[in-house]
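Report on the structure
Read off the chains here:
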Amino acid sequence: MKEFWDERFASEEYVYGILPNNYFKSWLDRTDTGWLLLPGEGEGRNAVYAAKAGWHVDAYDLSEQAKKKALKLGQDSGVSLNYNIGHLEELSLQEEEYDLIALIFLHLTGDERRNYHRKLIQLLKPGGLILIESFSKEQINNNTGGPKSLDMLYSLEDLSKDLQGLEVLEKLKLEADLKEGSFHRGKACLSRIVAKK
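So, here's what we can say about the structure. (Residues numbered from 1 in each chain as written. Predicted model: local features only at pLDDT ≥ 70, side-chain atom pairs only at ≥ 80, totals over all residues. Heavy atoms only, no water.)

What to know about the nonpolar core
Threshold: By nonpolar core is meant a set of buried Ala, Val, Leu, Ile, Met, Phe, Trp, Tyr and Cys residues that side-chain atoms within 4.5 Å join together. Each residue is assigned to one of three classes by its accessible area relative to the maximum for its type, calculated with a 1.4 Å probe on protein chains only: buried under 20%, partly exposed between the two thresholds, exposed over 50%. For this analysis, residues touch if any pair of their heavy atoms sits within 4.5 Å.
Core analysis: the largest hydrophobic core is formed by 36 residues, its most contacted members being Phe24, Leu36, Leu38, Val57 and Leu131. In this structure, Leu131 is in contact with Tyr23, Phe24, Trp27, Leu100, Ile101, Ala102, Leu103, Ile104, Ile193 and Val194, ignoring residues within four places of it in sequence. Core analysis: the next-biggest nonpolar cluster, separate from the first, contains 22 residues, Tyr60, Ile101, Leu159 and Leu163 among them.

Below is the structure:
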C-alpha cells in the first residue's frame, strides 16, 4: 500500500489539490482551536489550512512523497507541520490529547476500519470531536474517486457502529460535486459523520 501512495504522490501536481476539504473546513471554521490529528493526511492541504487558522496540527501518512509535498506546501504557506510517517500503532500518540481528529477519505477494510476508529477515539480528549468524510457504498458505481471495493466504502450504519458511545452531532449521506484535484472530480456519493466524546 505504501508503494501505491508513493507512486500516486510522486508527481509535482497536488493530486487532491491544495485547498482544504470543504466539509473539514466548514467544521474547523466554527470550532475553537486546539490540538488536531489528521491521519492519512496525504499532501497536506487540510493540515496547512488548520495550521494557518491557529491549530496545533499532528499529521501522518504512509507515504514519504506525501510528506515532502505537505512540508513544501506548509513552507510556501508560512506554517510548519508536525508530519510523521507510519501506521497508527507505530506512532507515539498520547491518549486524550486531541480536541479534533479528522479522517478525510481514509478508507480501510471492515475489521481494520472498526479497530482503527476505536483506537482513534482513545486519543480524543473528553468533549473532543471526530469528523469523518468518506465515500459511501454507492460510490462503487462512479469513477470520481475512491476504492473499487465495497468493503472499503463506508455506510452511515458502519460509521455509527464504529463510533458507538459517542454523541453523534451530525450524519449525512449525500451526493456532492467534488473538485479536489485530478483524482476527486465530479459527482460522488459521500458519508459524513461528526461525533463528540
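Okay, back to it.
As for the sheet that holds strand S4 (residues 98-104)
Cut-off, in case you're wondering: Two strands are counted as paired when DSSP detects at least two bridges linking them. Helix numbering and strand numbering both begin at the N terminus, where a helix is a DSSP run of H or I of at least 4 residues and a strand a DSSP run of E of at least 2. Inter-axis angles, ranging from 0 to 180 degrees, are taken between N-to-C directions of lines fitted to C-alpha atoms, where helices are fitted over the stretch in contact.
If you trace the 7 strands from one edge of the open sheet to the other, you get S3-S2-S1-S4-S5-S7-S6, paired in mixed fashion. Looking at the sheet topology across the chains shown, the edges are occupied by strand S3 (82-85) and strand S6 (167-180). Across the sheet, the axes of successive neighbouring strands diverge by a mean angle of 15°, strand direction being ignored. As judged from the 6 bridges shared by S4 and strand S5 (residues 124-135), these two strands associate in the parallel manner. Looking across to S5, one finds that Leu103 is bridged to Ile132. Across the sheet, helix H4 (residues 64-77) lies against strand S2 (56-61) and S3, angled at about 170° from S3, the strand it touches most. Here helix H5 (residues 110-123) sits on the sheet and contacts strand S1 (35-39), S2, S4 and S5; the angle it forms with S5, its principal contact strand, is near 145°.

Thoughts on the pattern of salt bridges
Close approach of charged atoms allows side chains of opposite charge to pair. The condition that has to hold: We count a salt bridge whenever a side-chain nitrogen from Lys or Arg sits within 4 Å of a carboxyl oxygen from Asp or Glu.
Evaluation of the coordinates by the stated rule reveals 11 salt bridges. A salt bridge links Arg113 to Asp158; its shortest N-O distance comes to 3.9 Å. Of this pair, Arg113 sits in helix H5 while Asp158 sits in helix H6 (residues 156-162), and the two are 45 residues apart along the sequence. Here Arg113 falls in the buried class, since its relative accessible area comes to 3%. Taking the shortest distance from any N to any O, the salt bridge between Asp162 and Arg113 comes out at 2.6 Å. Note that Asp162 is positioned in helix H6 and Arg113 in helix H5, a separation of 49 residues in sequence. Both residues of the pair, Asp162 and Arg113, belong to the buried class.

A few points about the packing of helix H3 (residues 45-52) against H4
The packing of two helices is summarised by the inter-axis angle and the distance between the axes. Our working rule: For this classification, under 35 degrees means roughly parallel, over 145 means roughly antiparallel, 65 to 115 means roughly perpendicular, and everything else is oblique. Crossing handedness is read from the near helix: turned anticlockwise from the far helix by less than a right angle, it gives a left-handed crossing, and turned clockwise, a right-handed one.
Running from amino to carboxyl end, H3 crosses H4 at an angle of 30°, the nearest separation of the two axes being 9 Å. Taken together, the axes of H3 and H4 lie roughly parallel to each other. H3 and H4 meet at a crossing whose hand is right-handed. In this structure, H3 uses Arg45, Val48 and Lys52 to contact H4, whose residues at the interface are Ala70, Leu73, Gly74 and Ser77.

What to know about the pairing of S3
What counts, and what does not: A crossover gets the label right-handed when its path from the first strand over the helix to the second runs clockwise, viewed with the strands pointing away from the viewer.
Examined bridge by bridge, S2 and S3 share 4 bridges and lie parallel to one another. In the sheet register, Tyr60 faces S3, and the bridge partner there is Asn84. Considered for its hand, the β-α-β crossover made up of S2, H4 and S3 is right-handed.

Re the packing of aromatic side chains
Note the cut-off: Between 30 and 60 degrees the pair is tilted, below 30 it is stacked and above 60 it is edge-to-face, where a pair is any two Phe, Tyr or Trp rings, Trp via its six-membered ring, whose centres lie within 6.5 Å.
Inspection of the entire model under this criterion finds 5 aromatic pairs. Relative to Phe9, the ring of Trp5 lies with its centre 5.5 Å away and its plane at 25°, an arrangement referred to as stacked. Among the residues examined, Trp5 registers a relative accessible area of 25% and is labelled partly exposed. Taking 6.2 Å as the distance between ring centres and 70° as the angle between the ring planes, the aromatic pair formed by Phe9 and Tyr16 counts as edge-to-face. The burial state of Phe9 is the same as that of Tyr16; both residues are buried.

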